[in-house]
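Per-entry structural report
Chain residues, written in single-letter form:
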Amino acid sequence: MPHASSKKKDLRQNMKRRAHNRTRKSAVKTAIKRVHVALEGGNAEEVKVAVSMAYKRIDKAAKTNTLHANTAARR
């Protein structure tokens, strides 16, 4: 545990950021899985909605630096 008050604050901030980033990364992974499931199902409308949502989640994660820009472009 840190002793300096500024380091204690850093620790609190890092914990909040980590939780936020994990939530966003999880949402990206879930959206990508939904695209794969929709592709296996064969319903074109469902695929279109799933891809749109996946793009949205990936772009937002890249915008907030949760994902690297090149990783987002690749996915």
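Residues numbered from 1 in each chain as written. Predicted model: local features only at pLDDT ≥ 70, side-chain atom pairs only at ≥ 80, totals over all residues. Heavy atoms only, no water.

What follows is about the pattern of salt bridges. Between side chains of opposite charge, a pair can form as their charged atoms come close. Taken as a whole and assessed by the stated rule, the structure comprises 1 salt bridge. Of the charged contacts, one joins Asp10 and Lys7 as a salt bridge, the two residues approaching to 3.7 Å between their closest N and O atoms. With Asp10 and Lys7 both in helix 1 (residues 5-41) and 3 residues apart, this pair spans about one turn of that helix. Asp10 gets classed as partly exposed once you look at its relative accessible area, which sits at 32%. Of the residues examined, Lys7 reaches a relative accessible area of 47% and is grouped as partly exposed. (Salt bridge = Lys/Arg side-chain N within 4 Å of Asp/Glu carboxyl O. Helix = DSSP H or I, 4+ residues; strand = E, 2+ residues; numbered from the N terminus. Buried < 20%, exposed > 50% of the residue type's maximum accessible area, 1.4 Å probe, protein only.)

With respect to the helices and strands, the residue Gln13 is situated in helix 1. A relative accessible area of 28% places Gln13 in the partly exposed class. C-alpha separation for the pair Gln13 and Val47, spaced 34 residues apart in sequence, amounts to 38 Å.

Let us now look at helix 1. For helix 1, built from 37 residues, the straight-helix expectation of 54 Å at 1.5 Å per residue is met to within 8% by its first-to-last C-alpha distance of 54 Å. Of the positions making up helix 1, those classed as buried are Val28, Ala31, Val35 and Ala38. Those residues of helix 1 that are buried lie in contact with helix 2 (44-63). Just past helix 1, the residue Gly42 takes up positive phi, approximately 90°. (Expected span 1.5 Å × (residues − 1). Contact = heavy atoms within 4.5 Å.)

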